[in-house]
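Structure assessment
These are the residues of each chain, in order.
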Amino acid sequence: MDEYSNLRFFSHFIKTIRRKDIKKFGIITDKDGTLLLNQELKAILEQLKTKDLGFNIHIIANSGRTISDMINCLEDENIPLNYFDYIIGDNGGMCLSVKNNQILFKSIMDKDVSKKVIDKFIELGGTPKNIRLANGENIFAHSSPEVKEYYKNSKGTVFTEDITDLSQYDDITKITLTGSHELIDNLNKYIRESIKGYKTHIGVTSFPVKSKNNYRLDFTRNSYKRFSF
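Residues numbered from 1 in each chain as written. Predicted model: local features only at pLDDT ≥ 70, side-chain atom pairs only at ≥ 80, totals over all residues. Heavy atoms only, no water.

**Comments concerning unusual backbone geometry**
For clarity, the cut-off: Each helix is a run of H or I in the DSSP string that is no shorter than four residues. Each strand is a run of E no shorter than two, and both are numbered from the N terminus.
Note that the residue after Phe-207, namely Pro-208, is joined by a cis bond; omega there is -5°. In this structure, Pro-208 sits in the loop between strand S10 (198-204) and strand S11 (215-221). Backbone geometry at Asn-101 places phi at a positive 50°, although glycine is not the residue there. With respect to the element layout, Asn-101 can be found in the loop between strand S4 (94-97) and strand S5 (102-106).

Put into structure tokens, the structure is as follows:
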């Protein structure tokens, strides 16, 4: 949208909020390397936050990345952290209140379930270098040369020779497994048929190396956590 369209949209938006007598609501923006907010939109949202409109607006950054990685990206892009009220990472696995610097919730995965999925991944032909784990703050990855090259500019990655030894990790919030479309599709079918209370998200990826047939499966708990603005 251009600046005029943004202004029209939010003018109607404010009228709707007032008409429905809503006192609090959140605006969620994806965060994946670049904020999906142009300068005009950020300025409008800032006005909505600071003006006395009769209701409260909370701006929330949401991503599959860890919260730590998102904070690093914000710093690299010279975007103040307090522009956001909340940051949600790991596909809903963890939520940070920026104002209080407090973790509001962390959706921790069961290690027996995690091991079951990783073992199936290896059984289907997956390799350790195609596994990465997250705990909301750090990424854990295999210490192979290509993985280290992939994360050479990362500030929050911990490398290990045995990525499948889950006893060395606390509070796993997300597992990412990568491979061919056939491998990922078969793994996804297995999870949907055998694992309850968890969810998957499939997409293309360049981890650990770029390839035309390289897909990722993000595996997380079903999280229906609510928090108060």
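Once the structure has been displayed, the description carries forward.
**Concerning the environment of Asp-119**
We count it as follows: Residue exposure (1.4 Å probe, protein chains only): buried if accessible area is under 20% of the type maximum, exposed if over 50%, otherwise partly exposed.
Position of Asp-119 relative to the elements: it lies in helix H4 (residues 111-123). Among the residues examined, Asp-119 registers a relative accessible area of 38% and is labelled partly exposed.

**Structural notes on the pairing of strand S3 (residues 86-89)**
The side chains of a regular strand alternate, residue by residue, between the two faces of the sheet. Our working rule: Strand pairing is assigned whenever DSSP identifies at least 2 bridges connecting the two strands.
Side-chain alternation along S3 places Tyr-86 and Ile-88 on one buried face and Ile-87 and Gly-89 on a second face that is also buried. Pairing analysis gives 4 bridges linking S3 to S4, with the strands arranged antiparallel. Within S4, the position partnered with Tyr-86 by the bridge is Ser-97. Taking the residues that link successive antiparallel strands as the turn, the S3-S4 hairpin has 4 residues, and the phi of Asp-90 there is positive, at about 50°.

**Let's talk about the packing of aromatic side chains**
Operational definition: Note on aromatic contacts: the rings of Phe and Tyr and the six-membered ring of Trp form a pair at centre separations within 6.5 Å, being stacked when their planes are under 30 degrees apart, edge-to-face when over 60 apart, and tilted otherwise. Criterion for a charge above a ring: Arg CZ or Lys NZ at most 6 Å from the ring centre, at most 35 degrees from the ring normal.
All chains considered together, the criterion is met by 5 aromatic pairs. Between Phe-140 and Tyr-169, the ring centres sit 5.0 Å apart and the planes meet at 50°, which makes this aromatic pair tilted. Within this pair, whereas Phe-140 is found in strand S7 (residues 139-142), its partner Tyr-169 is found in the loop between strand S8 (157-160) and strand S9 (174-179), the two being separated by 29 residues in sequence. Phe-140 sits in the buried class, given a relative accessible area of 11%. Ring geometry for Tyr-151 against Phe-207: centres 5.9 Å apart, planes inclined by 50°, an arrangement best described as tilted. You can see Tyr-151 sitting in the loop between helix H5 (145-150) and S8 and its partner Phe-207 sitting in the loop between S10 and S11, a full 56 residues away along the chain. Exposure remark for Phe-207: the relative accessible area of 0% places this residue in the buried category. Between Lys-148 and the ring centre of Phe-159, over which it is positioned, the NZ or CZ distance is 5.8 Å.

**Considering the pattern of salt bridges**
Going by this rule: Salt bridges are defined as contacts in which a side-chain nitrogen from Lys or Arg sits within 4 Å of a carboxyl oxygen from Asp or Glu.
Applying the stated criterion to the full structure yields 8 salt bridges. Notably, a salt bridge pairs Glu-123 with Lys-120, separated by 3.2 Å at the nearest N-O pair. In this pair, Glu-123 and Lys-120 are both assigned in helix H4, 3 residues apart and thus about one turn of the helix distant. Since its relative accessible area comes to 59%, Glu-123 is described here as exposed.

By themselves, these figures tell us nothing about what the structure is for.
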